[in-house]
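Coordinate inspection notes
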Amino acid sequence: WGILFSHPRDFTPVCTTELGRAAKLAGEFSKRNVKMIALSIDSVQDHLSWCKDINAYNGEQPAEKLPFPIIADKNRELA
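Residue positions are given per chain, counting from 1 as you read along its sequence in written order. Owing to the predicted nature of the model, reporting of local features is limited to residues with pLDDT of at least 70; listing and counting of side-chain atom pairs is limited to 80 or more, with chain, interface and lining totals taken over all residues. Water and hydrogen atoms play no part in the side-chain values, which are based on all heavy atoms of the structure.

With respect to the confidence of the model for the protein chain
What pLDDT conveys is the predictor's confidence in a given residue, as a value from 0 to 100. Averaged over every residue, the pLDDT of the protein chain is 93; residues scoring 70 or more account for 100%. Confidence scores differ between elements of the protein chain, with strand β1 (residues 2-7) showing the lowest mean pLDDT of 91 and strand β2 (residues 35-40) the highest of 95. Helix and strand labels come from DSSP, where a helix needs a run of H or I of at least four residues and a strand needs a run of E of at least two; each type is numbered from the N terminus.

Regarding helix α1 (residues 13-31)
In this analysis, the expected span of each helix is defined as 1.5 Å times one less than the number of residues it contains. Taking 1.5 Å as the rise per residue, α1 with 19 residues should run 27 Å; its terminal C-alpha atoms sit 28 Å apart, in good agreement. Of all bends in α1, the biggest is about 50°, found at L25. Per-residue accessibility, obtained with a 1.4 Å probe over protein chains only, is compared with the maximum for each type, and a residue is labelled buried under 20%, exposed over 50%, and partly exposed between these values. All of the buried residues in α1 are C15, T16, L19, G20, A22, A23 and A26. Should any heavy atoms of two residues lie within 4.5 Å, those residues are considered in contact. Next to the buried residues of α1 lie β1, β2, α2 (44-57) and β3 (70-72). Just downstream of α1, N33 is the residue with a positive phi angle, here 65°. Fitting axes to the seven residues that end at a residue and to the seven that start at it, the angle between those axes gives the bend at that residue.

Put into structure tokens, the structure is as follows:
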């Protein structure tokens, strides 16, 4: 199984809380063999910065990595 999170833009408050909660639940999804991936219209560099923000929101060290990848779609070809 897989879950695709599609978000309109990095750093929006609702998207940050949603991905933050998904990151907290990633272990539960992994136990059930569910792969997680996100899609947002910003660049990879923006995603890396946003990951820091999401991790800080979760009370963790602001690292550039989440337990799932975020697809960059800055040209909006996928979205």
